[in-house]
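Listed here are the chains, written in short residue letters.
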Amino acid sequence: GDLEARVAERTEELQLAKEHVEAVLNYSNDVIIVLSGDGTIEQTNPAFEELFGYTTDEVLGMSLTHLTHSEQADELSTIFAAIVERRESQRAELIFVRKDGTEFSADCKLAAIANAEIRGIVCNLRDITERKEVEEGLRKALAQEKELNELKLRFNSMVSHEFRTPLAVILSSGEMLQNYFDRMNPERRDQHLSRVQTQVRRLMTLLDDFLMINKGDLLGVTFIPEPVEVREFCQDIVEEFQMIAESYRIEYEPPEE
């Protein structure tokens, strides 16, 4: 009678354990796959059928590697070997293939079912395609922000240079007028005064352009190019730099028409 009672009690415990395991499998949002020691599928849960498009009967006896991307079969085999040999759980991001051929990324955790010996492997799998897309979007946004910051640095460097050149011309002409005003003829004085006025107007134009670019970043502007007289433009540049480098002579030879 005691033996029958113990058998009945043990049977009830096993039934409760079985119902508990089935409840975990059936109501888990994650895909759960029970594998044999060599990675052959023995059991799946409803989440597996919903994600992969296979029924459990279709995949029974199939190796899990058949559901992964072909390039990752070796990686999965290595994971199985580590679980069997060292009894260590493993985690990896793998690409799986659905029944219809579409692929998705998954966070996959595998652990041994064992006491004295390996009885199987349980695989817990979660679709992370959406997370990977968000991560990729963030990476692209960060790359674009980095590129934009680099462009701003180059632009600020260019603006600094553009402001420095007319300021140097103004400073040079101002010093010439201050130190040699009495020795200059009226024509020479007017030339230096004219250059100061020209460079001041240039600075005002540069400042307007700078403000326009900032406004364009906020509101957007349309690029409308205008023709430029190249010879005259180049001659003005030569004269500006000649004022800075007074110890050197800059010669400009325009191409023949």
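Summary of the structure given here. Just so you know, these numbers come straight off a predicted model, no measurement behind them. (Residues numbered from 1 in each chain as written. Predicted model: local features only at pLDDT ≥ 70, side-chain atom pairs only at ≥ 80, totals over all residues. Heavy atoms only, no water.)

**What about the pattern of salt bridges?**
All told, the structure shown has 9 salt bridges when counted by the stated rule. Arginine 131 is paired through a salt bridge with glutamate 135; the nearest N and O atoms lie 3.4 Å apart. Of this pair, arginine 131 and glutamate 135 both sit in helix H5 (residues 129-180), separated by 4 residues, roughly a single helical turn. A salt bridge links glutamate 136 to arginine 139; the shortest N-O distance between them is 2.9 Å. Of this pair, glutamate 136 and arginine 139 both sit in helix H5, separated by 3 residues, roughly a single helical turn. By relative accessible area, which is 35% here, glutamate 136 ends up partly exposed. (Salt bridge = Lys/Arg side-chain N within 4 Å of Asp/Glu carboxyl O. Helix = DSSP H or I, 4+ residues; strand = E, 2+ residues; numbered from the N terminus. Buried < 20%, exposed > 50% of the residue type's maximum accessible area, 1.4 Å probe, protein only.)

**Quick look at the packing of aromatic side chains**
The geometry of an aromatic ring pair is captured by the separation of the ring centres together with the interplanar angle, meaning the angle of the planes. Per the stated rule, a full pass over the model turns up 4 aromatic pairs. Between the aromatic rings of phenylalanine 52 and phenylalanine 96, the centroid separation amounts to 5.8 Å while the plane-to-plane angle is 90°, which identifies the pairing as edge-to-face. Of this pair, phenylalanine 52 sits in helix H2 (residues 46-52) while phenylalanine 96 sits in strand E3 (residues 90-97), placing them 44 residues apart in sequence. Just as phenylalanine 52 is buried, phenylalanine 96 falls in that class too. (Phe/Tyr/Trp six-rings, centres within 6.5 Å; stacked < 30°, edge-to-face > 60°.)

**Describing helix H4 (residues 73-86)**
Along its 14 residues, H4 runs 20 Å from first to last C-alpha, staying within 8% of the 20 Å computed at 1.5 Å per residue. Along H4, the positions that sit buried rather than exposed are Leu76, Ile79, Phe80, Ala82 and Ile83. Along the axis of H4, the buried residues cluster in a sector spanning 160°; they form a single face. Summarising the geometry of H4, the exposed residues directed more than 90 degrees from the buried face are Asp74, Thr78 and Glu85. Elements in contact with the buried residues of H4: strand E1 (31-35), E3, strand E4 (103-114) and strand E5 (118-127). Just past H4, the residue arginine 87 takes up positive phi, approximately 55°. (Expected span 1.5 Å × (residues − 1). Arc of directions from axis to C-beta. Contact = heavy atoms within 4.5 Å.)

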